Amino acid sequence: TNPLNERELILANLGIAAIENMGAARDDFDCYDLSNNRILVLENFPKLPRLSSILASSNRIESLDVRNLSKNLPNIRYLNLSHNNISSLVEIANIGKAFPKLEFLDLTDNPVTSK
């Protein structure tokens, strides 16, 4: 468990290039830590209604598959996308619709923050 008393799956610092086979973890975690990998697109999540936090800072994320995320991750409240490569407002325009329960979004050090 993490300091917030959430069950956390730590996949940080593993050189992961794409999100694959996440269904193997079933719906047993509240938080996924995908920090410090090589992920280009936040996508390909299975149905995980329990998941409420995603830590994906310091990757290479340029885009989000909002359709997949909104359908399969309905209870996301915390999303950390800091230190990535999101440069288009289009990529973040529908985050609020995709995650209606979103309370915290971190886009620090993404090119989009200068727009």
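Here, every reference points to the structure presented above.
A brief structural summary. Since the model is a prediction, treat every value here as computed from it, not as a measurement.

**Overview of unusual backbone geometry**
Right, on to step 1. Backbone geometry places N13, a non-glycine residue, at a positive phi of 60°.
Right, on to step 2. Mapping N13 onto the fold places it in the loop between β1 (8–10) and β2 (31–33).
Right, on to step 3. Overall, the relative accessible area of 55% leaves N13 in the exposed class.
Right, on to step 4. One non-glycine residue, N44, lies in the positive phi region at around 65°.
Right, on to step 5. Within the secondary structure, N44 sits in the loop between β3 (41–42) and β4 (53–55).
Right, on to step 6. The class for N44 is partly exposed, based on a relative accessible area of 43%.

**Remarks on the pattern of salt bridges**
Right, on to step 1. Evaluation of the coordinates by the stated rule reveals two salt bridges.
Right, on to step 2. Here D28 makes a salt bridge to R26, at a shortest N to O gap of 2.9 Å.
Right, on to step 3. Measuring nitrogen to oxygen at the nearest pair gives 2.9 Å for the salt bridge that ties R50 to D30. Residue R50 is found in the loop between β3 and β4, and its partner D30 is found in the loop between β1 and β2; the two are separated by 20 residues along the sequence.

**Examining the side chain of N37**
Right, on to step 1. Looking at the element boundaries, N37 is found in the loop between β2 and β3.
Right, on to step 2. For N37, a relative accessible area of 7% corresponds to the buried category.
Right, on to step 3. Side-chain polar atoms of N37 contact the backbone oxygen of S35, separated by 3.2 Å.
Right, on to step 4. Dropping the residues within four chain positions of it, N37 is found in contact with L11, A12, N13, L14, G15, I16, S58 and N59.

**Description of the environment of R38**
Right, on to step 1. Summarising the element assignment, R38 is placed in the loop between β2 and β3.
Right, on to step 2. Note on R38: relative accessible area 39%, which makes it partly exposed.
Right, on to step 3. Measuring from C-alpha to C-alpha, the distance between R38 and K115 comes to 24 Å, with 77 residues separating the pair along the chain.
Right, on to step 4. Setting aside residues up to four positions removed in sequence, R38 forms contacts with G15, I16, A17, N59 and R60.
Right, on to step 5. There is a polar contact of 3.4 Å between the side chain of R38 and the backbone oxygen of G15.

Calculation criteria
- Residues numbered from 1 in each chain as written.
- Predicted model: local features only at pLDDT ≥ 70, side-chain atom pairs only at ≥ 80, totals over all residues.
- Heavy atoms only, no water.
- Helix = DSSP H or I, 4+ residues; strand = E, 2+ residues; numbered from the N terminus.
- Buried < 20%, exposed > 50% of the residue type's maximum accessible area, 1.4 Å probe, protein only.
- Salt bridge = Lys/Arg side-chain N within 4 Å of Asp/Glu carboxyl O.
- Polar contact = N/O pair within 3.5 Å; in protein donor to acceptor, adjacent residues only side chain to side chain.
- Contact = heavy atoms within 4.5 Å.

Function cannot be inferred from these measures alone, as they are strictly geometric.
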